[in-house]
Structure formats: structure tokens, C-alpha cells
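A structural walkthrough
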Amino acid sequence: MGTAERRGAPRAGGAQLTGHRDPEATVSDISEGAAEPSKRETGVPVRAANRGTREHYYRPLWVEEPARRRRLPDPVRTAAVRAVLLIAVTLIQAMVAFLCTMAGSWLAFPMVISSVVSTIAATWGALDVWVTRQVWNQRNGVVSVPSSTARVLRRERRRTRRHERAAERAQERIRRRGGAGQLSHS
């Protein structure tokens, strides 16, 4: 794609193409010089106020694509963010400790000690992500194994919903009968 297509340079005839050209468009489609957009250029026609009767086609800047993978559950994502921050701080501390050691600074020893402690914390953070993910999978039924507690929880939820629906149907029957079967009409 050339600069003219990217910048929205005027085409022959005064039409201006903004956005990106169609990847399927041929060189003859781009350089044909017609004021009218080709069949492949889709967009919303907008009439320019001070340019007479010519229309400009504005194409969207991007096209939404569905995500390839589902988003992480909130507790797992929180643990992952915490682990990334711990690892980043650990790497920074290790770099500072190395530079202080090379410079012969008095700060080298405390930085090495804190780097060791941060390494332990970063390892704990990474393990926390793994454990949190396993616990979430076990509780929410992603893992389909006979010992899954999620299966028991789903069974209990289904039983509760079944009882609620039965109670609603009973109340609806009472209302349809006009209150027959009630002990008092208060």
C-alpha cells in the first residue's frame, strides 16, 4: 500500500479515499482514476458540504474480529497481573544489583539480597497463577473428571431451579383458578 492510499490523497476526479484499500483490489482498481469507488470499496456515502454533488466514501478504520480464545476468569487474570508485576520488579532489581556490583557501590549487597527475596516472591506469584487456574477450573466445571466438585454444584443448582419453577407453576395455577384453594381472601 502506498502513501497516497494511506493518507487519503485525492484521486482523479476529486474523490478522496480514506482508510485502507481492499487487500483483494488489483493495481488497475487503484490506479483507474475514476471518481466512483469500485465495487469492493464499501462504506457510508457522505455528501461534502462545499464540494458540489460529489460523494465521498468513508470506510471504517478497523473491522472487529472475534477473539480466538476466551478471556481468562477474573481471579486468574488478577493472579496473572500480580505475577507479571512481581517478575518485572524482580528483573529490575536483578539488573540494578548487577550494575551496582559492577560499579562497586555499597548498594550492591542489599540489592542482591532483595533480588533473592524477589525471586522467591516471583516464583510464588507464578505458582499462584497456576493454582488459581486449577481451582477455578475445578469449581466451575471446565475440567470434566468424575471427581469434579463442579458437577455436584451444577446438580444442586439444577435441583434448586427445578423447585423454583414448580413453585411458580403452583402459584400460577392458584391465580388462574381465581384464588380457589386459599383459606382467606385478605
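All values derive from a computational prediction rather than experimental measurement.

What to know about the pattern of salt bridges
With the rule as written, the count across this model stands at four salt bridges. Of the charged contacts, one joins R77 and D74 as a salt bridge, the two residues approaching to 2.6 Å between their closest N and O atoms. Of the two residues, R77 and D74 both sit in helix α3 (residues 74–103), three residues apart, roughly one turn of that helix. On the basis of relative accessibility, which here comes to 26%, the residue R77 falls in the partly exposed class. Among the residues examined, D74 registers a relative accessible area of 48% and is labelled partly exposed. The partner of E172 in a salt bridge is R175, with the nearest N and O atoms 3.0 Å apart. Of the two residues, E172 and R175 both sit in helix α5 (residues 149–176), three residues apart, roughly one turn of that helix. Of the residues examined, E172 reaches a relative accessible area of 37% and is grouped as partly exposed. Counted as one network, the salt bridges with shared partners bring together R71, D74 and R77.

Let's talk about α3
In a regular helix each residue adds 1.5 Å, so 30 residues correspond to 44 Å; α3 covers 43 Å between its end C-alpha atoms and thus fits that length. Among the residues of α3, V76, A79, A83, T90, Q93, A97 and C100 are the ones counted as buried. Buried residues in α3 make contact with α4 (108–140). Among the residues trailing α3, G104 stands out with phi positive, at a value near 75°.

Here's the deal with the layout of surface pockets
Each pocket or cavity is described by its volume, and for the largest pocket that value is around 260 Å³. R70, R71, L72, P73 and R133 are, among the ten residues lining the largest pocket, the residues nearest its centre. When residues in the lining of the largest pocket are grouped by element, the largest group, three residues, is from α4. Here the lining of the largest pocket is composed, by residue class, of five nonpolar, one polar and four charged.

A closer look at α4
Over its 33 residues, α4 extends 47 Å from the first C-alpha to the last, a length consistent with the 48 Å expected when each residue adds 1.5 Å. Within the span of α4, buried status applies to A108, M111, S114, S115, S118, A122, G125, D128, T132 and N137. Buried residues in α4 make contact with α3.

Rules behind the numbers
- Residues numbered from 1 in each chain as written.
- Predicted model: local features only at pLDDT ≥ 70, side-chain atom pairs only at ≥ 80, totals over all residues.
- Heavy atoms only, no water.
- Salt bridge = Lys/Arg side-chain N within 4 Å of Asp/Glu carboxyl O.
- Helix = DSSP H or I, 4+ residues; strand = E, 2+ residues; numbered from the N terminus.
- Buried < 20%, exposed > 50% of the residue type's maximum accessible area, 1.4 Å probe, protein only.
- Expected span 1.5 Å × (residues − 1).
- Contact = heavy atoms within 4.5 Å.
- 1 Å grid on protein atoms, 1.4 Å probe; cavity = no way out; pocket = protein on both sides within 12 Å on 5 of 7 lines; lining within 4 Å.
- Points joined across faces, edges and corners; volume = space filled by probe spheres on them.
- Nonpolar A, V, L, I, M, F, W, Y, C, P; charged D, E, K, R; others polar.

All quantities given are derived from atomic positions and should not be read as evidence of function.
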